[in-house]
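# Survey of secondary and tertiary structure
So the chains spell out like this:
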Amino acid sequence: MQFDVAIIGGGAAGLFCAAEAGKRGRSVIVLEKAEKVGKKILISGGGRCNFTNVFTAPANFISQNPHFCKSALARFTPQDFIKLIEKHSIEYYEKKLGQLFCRDTSRRIVQMLEDECLAASVKIRTNCTVKSIKKNATGFELETSHSKFECQSLVIATGGLSFPKVGATDFGLNLARQFGLDIVAPRPALVPLVFTDLKGFGELAGISLEVTANFAETDFRENILFTHRGLSGPAVLQISNYWQAGKAVSFNLLPDKDARDLLLEHRSSRQELVNFLGQRLPTRFADKFCALFAPSKPLNQLSNQEIERIAVSLNAWQVKFHQTEGWHKAEVMMGGVSTDELSSKTMEVKRVKGLYFIGEVVDVTGWLGGYNFQWAWASAYAAANAV
């Protein structure tokens, strides 16, 4: 069976690329190894799919080449995807910080992509495992569990290693290696972190508080969530993209207050420190904080030295983590096919004509909040207009 374009991977990037290429009159087939397409879309955003972020900019992405994503992001914007959403009468809302979610289920996004593919005469094959790929004079030969396919252009949209429970594999990375491409070492991203020393914090599992998390001059003001082994929550997921093993992350537990000024302002009070902090932080956290870092006593009995020490602990709580929670808890993969290997305008491999990589498998990783979906749409659009 011959097609102009074969796309391996029926996720966000693969389906959108297929639909857009089909609109150009290209004959397109999508090969998906799972029993249905869009499985990762379905579980995203708590089942509501945070499909883009209206504030998307190149600064929201991490890559060894921070300029690589600029071209694709400029050519297909959040507003472009919103137009598509509205065309299909999908209701959405902004949760916060520019994050757009479906009012209904994530299934609406998958259905929209399937409808777009159908309208563009795209063929989709599920339960289809690609066994081998060979380059020939006119394009590529694919041997699959269904049959053999030939195509002029081959697009790899197989995603990364995150969420193995929905079928994530290293297929895309292995194919890149087959063609001799450089790969930036992959690691879990947007992932909870595990304490080096638990210190009883596991007892606080489920407690959340708003902080500013800082690492390597990068900071995020969001919530943290205590787990049985460490910390999760938006602030930690964001900072995990920058975290390096063995180095501490700093958390400002009172992001709107200078803790030193606050303590000095109330130093004549007879109120116990633990109760004072419990009015500004979750009570159980205040109890644990005082037990570990500042034995409680009335505020009017605190020395200047104690006030300084407590203030530093509150405004710059230093926490060491020894590992992440790994691929099964990571929302995305950091690293992947080196952007040095690809054209930023088309996503085509410079050394292998007709071969394209898009989406998560590429070394471009977005922040939490819809940015990775926008990269999927933008990189897919770039490739779709070149295949």
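The preceding data block contains the structure.
As a starting point, this report considers the structure included with it. (Residues numbered from 1 in each chain as written. Predicted model: local features only at pLDDT ≥ 70, side-chain atom pairs only at ≥ 80, totals over all residues. Heavy atoms only, no water.)

### A closer look at unusual backbone geometry
With phi around 60 degrees, phenylalanine 163 is a residue other than glycine that occupies positive phi space. Turning to its location among the elements, phenylalanine 163 is positioned in the loop between β10 (148–156) and α6 (171–178). Phi is positive for alanine 216, close to 50 degrees, though the residue is something other than glycine. Summarising the element assignment, alanine 216 is placed in the loop between β13 (208–215) and β14 (218–226). (Helix = DSSP H or I, 4+ residues; strand = E, 2+ residues; numbered from the N terminus.)

### Focus: the sheet that holds strand β16 (residues 249–252)
Taken together, seven strands build an open sheet; the order of strands is β17-β16-β13-β14-β15-β12-β18 and the sheet is antiparallel. If you trace the sheet from one side to the other, it starts and ends with β17 (317–319) and β18 (321–324), each paired once. Averaged over neighbouring strand pairs, the angle between their axes works out to 40 degrees when direction is ignored. In this structure, strand β12 (residues 193–195) lies alongside β18, joined through three bridges in antiparallel fashion. In the sheet register, valine 194 faces β18, and the bridge partner there is glutamine 323. Sheet strands in contact with helix α11 (residues 304–315) are β16 and β17, and its direction is about 105 degrees off that of β16. (Pairing = 2+ DSSP bridges. Axes fitted to C-alpha atoms, helices over the stretch in contact; angles between N-to-C directions. Contact = heavy atoms within 4.5 Å.)

### Thoughts on the pattern of salt bridges
Under the criterion given, the structure shown has 17 salt bridges. Across the pair lysine 40 and glutamate 360 runs a salt bridge, and its minimum N-O distance is 2.9 Å. Highlighted residues: lysine 40 in helix α2 (residues 39–43) and glutamate 360 in the loop between β20 (355–357) and β21 (365–366), separated in sequence by 320 residues. For arginine 221, the salt bridge is made with aspartate 256, and the minimal N-O distance between the two is 2.7 Å. A residue pair is termed long-range when its members are at least 10 positions apart, and arginine 221 in strand β14 and aspartate 256 in the loop between β16 and α8 (259–265) qualify at 35 residues. Among the charged side chains, a salt-bridge network with shared partners connects Glu20, Lys23, Lys87 and Glu116. (Salt bridge = Lys/Arg side-chain N within 4 Å of Asp/Glu carboxyl O.)

### Describing the sheet that holds strand β6 (residues 99–102)
Pairing in this open sheet of three strands is antiparallel, and the strands run β3-β6-β5 from one edge to the other. Where the open sheet ends on each side, the last strands, each with one partner, are β3 (50–53) and β5 (92–94). Across this sheet, the average inter-strand angle for adjacent strands is 30 degrees, counted without regard to direction. Where β3 and β6 come together, three bridges link them in antiparallel fashion. Opposite asparagine 53, over in β6, you have glutamine 99 as the bridge partner.

### Quick word on the packing of helix α1 (residues 12–23) against helix α12 (residues 371–384)
In contact at an axis separation of 8 Å, α1 and α12 are set at 35 degrees when each is read in the N-to-C sense. The crossing of α1 and α12 is right-handed. Facing α1, whose interface residues are Ala12, Ala13, Phe16, Cys17, Glu20 and Ala21, α12 presents Phe373, Ala376, Trp377, Ala380, Tyr381, Ala383 and Ala384. (Left-handed = near helix turned anticlockwise from the far one by under 90°.)

### Some points on the packing of aromatic side chains
A complete count under the given rule lists 27 aromatic pairs for this structure. Both rings, one in phenylalanine 81 and one in tryptophan 377, keep their centres 4.2 Å apart while their planes meet at 10 degrees; by these two values the pair is stacked. Of the two residues, phenylalanine 81 sits in helix α4 (residues 78–87) while tryptophan 377 sits in helix α12, which places them 296 residues apart along the sequence. Exposure remark for phenylalanine 81: the relative accessible area of 0% places this residue in the buried category. Seen from their ring centres, phenylalanine 140 and phenylalanine 179 are 6.3 Å apart, and the 75 degrees between their planes marks the pair as edge-to-face. Of the two residues, phenylalanine 140 is situated in strand β9 (residues 140–144) and phenylalanine 179 in the loop between α6 and β11 (183–189); the sequence distance between them amounts to 39 residues. For the pair shown, phenylalanine 140 and phenylalanine 179 are each scored as buried. Taken together through their ring pairs, the aromatic side chains of Phe195, Phe201, Phe226, Phe251, Phe285, Phe289, Phe293, Trp317 and Phe321 make up a single cluster. Sitting over the ring of phenylalanine 140, lysine 135 keeps its end group 4.9 Å from the ring centre. Between arginine 280 and the ring centre of phenylalanine 276, over which it is positioned, the NZ or CZ distance is 3.9 Å. (Phe/Tyr/Trp six-rings, centres within 6.5 Å; stacked < 30°, edge-to-face > 60°. Buried < 20%, exposed > 50% of the residue type's maximum accessible area, 1.4 Å probe, protein only. Lys NZ or Arg CZ within 6 Å of the ring centre and 35° of its normal.)

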